[in-house]
Amino acid sequence: MFTLILNHLKMKTSILTMAAFLAINLMAAQTAEQRGLEIAKAAEEADLGFGSSMVQLQMILKNKNGQTSERSMTTRTLELTEDGDKSLIAFNSPKDVKGTATLTYTHKVGSDDQWLYLPSIKRVKRISSNNKSGPFVGSEFAYEDLSSQEVEKYNYKFLEEKGDLLVVEQDPVDPKSGYTRRLVTYNKVKGYRIEKVEFYDRKNALLKTLTYSDYKLYKDKFWRAATFNMVNHQSNKETLLKFSEYNFGIDLSEEDFSQVALQRAGN
């Protein structure tokens with residue numbers, strides 16, 4: 001009887017060893033590009049289904065001398081599966097930017113559509129693809145940073161695994177992007193949420209680093225960071241975004257993301 005049990009245990013150990021060997025070989029058979037794409041798809045899959053959301057946030061601008069100024073904003077987002085998400089950002093204060101609003105239609109393929117409403121001239125201005133790398137209302141975020149994370153927008157290459165963290169290089173497909181590449185760090189045990197993004201400029205020099213922190217889990221599925229910190233290494237300027245509680249219960253439709261809605265948000 002003891003011999004039978006021992007043989008059974010040996011067989012189970014052998015099967016487990018073989019399974020582990022196959023898993024290792026399967027990972028080895030993947031190219032760096034395939035694994036990078038797989039990680040990006042896993043991150044996208046983990047965040048599907050939030051529908052729509054609204055959040056209040058505070059923007060803190062810090063110049064190279066350490067002086068700061070603050071702004072408050074409201075951001076609304078509508079999830080779309082057939083194409084990229086839509087978002088509308090409206091400034092609430094201070095007086096010099098109050099009423100300024102930005103509307104973004106992210107597309108899986110091709111350039112995104114973006115508009116800026118300026119209350120001083122009561123006009124909606126379309127942001128051209130050539131200007132998407134420009135600063136968003138004086139911050140260290142570019143207009144292209146406002147777009148949703150769509151898998152189709154990049155080519156991928158897995159670089160390294162550091163404990164629970166996976167680092168993937170993302171090269172923008174759009175030739176008009178202000179970046180040659182981004183290094184994105186994902187947390188594989190926390191829903192593949194993004195922990196950090198390093199942005200490289202058109203000369204392939206490190207331009208900015210965006211760090212996500214103070215994460216909170218909503219609806220037992222959706223990770224959202226309460227703090228974004230964008231540091232520009234070339235200008236020594238910094239932009240901090242602090243988010244309040246996300247409202248996923250708000251009922252938003254595509255009508256809430258029209259140019260009419262953009263003007264209304266700014267008034």
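Keep in mind the model is a prediction, meaning the values are calculated, not measured.

**Considering the overall build of the protein**
Right, so step 1: Check the secondary structure of the protein and you find three helices and 13 strands.
Right, so step 2: Per-residue burial for the protein yields a buried fraction of 45% across its 267 residues.
Right, so step 3: For the protein, the proportion of contacts with a sequence separation of at least 24, taken over those separated by at least 6, is 45%.
Right, so step 4: Looking at the protein as shown, the accessible area adds up to about 14600 Å², and 54% of this sits on carbon and sulfur atoms.

**Digging into the pattern of salt bridges**
Right, so step 1: This model, assessed by the stated rule, comprises 12 salt bridges.
Right, so step 2: We note a salt bridge from Arg224 to Asp47, for which the minimum N-O separation is 2.9 Å. Taken together, the residues span a long stretch of sequence, with Arg224 in strand β12 (residues 222–232) and Asp47 in the loop between α2 (32–46) and β1 (52–62) at a distance of 177 residues.
Right, so step 3: For Arg224, a relative accessible area of 13% translates into the label buried.
Right, so step 4: The class for Asp47 is partly exposed, based on a relative accessible area of 26%.
Right, so step 5: A salt bridge links Lys153 to Asp112, with the shortest nitrogen-to-oxygen separation between them at 2.8 Å. Of this pair, Lys153 sits in the loop between β6 (123–126) and β7 (154–162) while Asp112 sits in the loop between β4 (101–105) and β5 (113–118); the two residues are 41 residues apart in sequence, bridging distant segments of the chain.
Right, so step 6: Classification of Lys153 by relative accessible area gives buried; the value is 14%.
Right, so step 7: Taken together, the shared-partner salt bridges in this structure form one network comprising Arg35, Glu161 and Lys188.

**Overview of the pairing of strand β11 (residues 206–218)**
Consecutive side chains of a regular strand alternate in pointing toward one face of the sheet and then the other.
Right, so step 1: Judged from the five bridges that link them, strand β10 (residues 193–200) and β11 form a sheet pairing that is antiparallel. Looking at β11, one finds that Glu198 is bridged to Thr209.
Right, so step 2: The hairpin turn running from β10 into β11, its antiparallel successor, is five residues long, and Asn204 in that turn takes a positive phi close to 65°.
Right, so step 3: Hairpin geometry of β11 and β12 is characterised by an intervening segment of three residues between the two adjacent antiparallel strands and by a positive phi of about 55° at Lys219.

**A closer look at the confidence of the model for the protein**
Right, so step 1: Confidence in the prediction for the protein averages 91 pLDDT; 89% of positions are at 70 or higher.
Right, so step 2: Contacts from residues 2–6, a stretch scored under 50 in pLDDT, to residues over four places away or in other chains number zero contacts.

**A word on the packing of aromatic side chains**
Right, so step 1: Scanning the model with the defined rule gives 15 aromatic pairs in all.
Right, so step 2: Ring centres of Tyr179 and Phe199 lie 4.9 Å apart, and the angle between their planes is 45°; this geometry places the pair in the tilted category. One end of the pair, Tyr179, is in the loop between β8 (165–172) and β9 (181–187); the other, Phe199, is in strand β10, and 20 residues separate them in sequence. Neither Tyr179 nor Phe199 differs from the other in exposure class; each is buried.
Right, so step 3: For the pair Tyr218 and Tyr246, a centre-to-centre distance of 5.6 Å together with 70° between the ring planes defines the contact as edge-to-face. Of this pair, Tyr218 sits in strand β11 while Tyr246 sits in the loop between β13 (238–243) and α3 (259–265), and the two are 28 residues apart along the sequence. Here Tyr218 and Tyr246 have matching classes, each one buried.

Rules behind the numbers
Residues numbered from 1 in each chain as written. Predicted model: local features only at pLDDT ≥ 70, side-chain atom pairs only at ≥ 80, totals over all residues. Heavy atoms only, no water. Helix = DSSP H or I, 4+ residues; strand = E, 2+ residues; numbered from the N terminus. Buried < 20%, exposed > 50% of the residue type's maximum accessible area, 1.4 Å probe, protein only. Contact = heavy atoms within 4.5 Å. Areas by Shrake-Rupley, 256 points an atom, 1.4 Å probe, with all protein chains shown as cover. Salt bridge = Lys/Arg side-chain N within 4 Å of Asp/Glu carboxyl O. Pairing = 2+ DSSP bridges. pLDDT = per-residue confidence, 0-100. Phe/Tyr/Trp six-rings, centres within 6.5 Å; stacked < 30°, edge-to-face > 60°.

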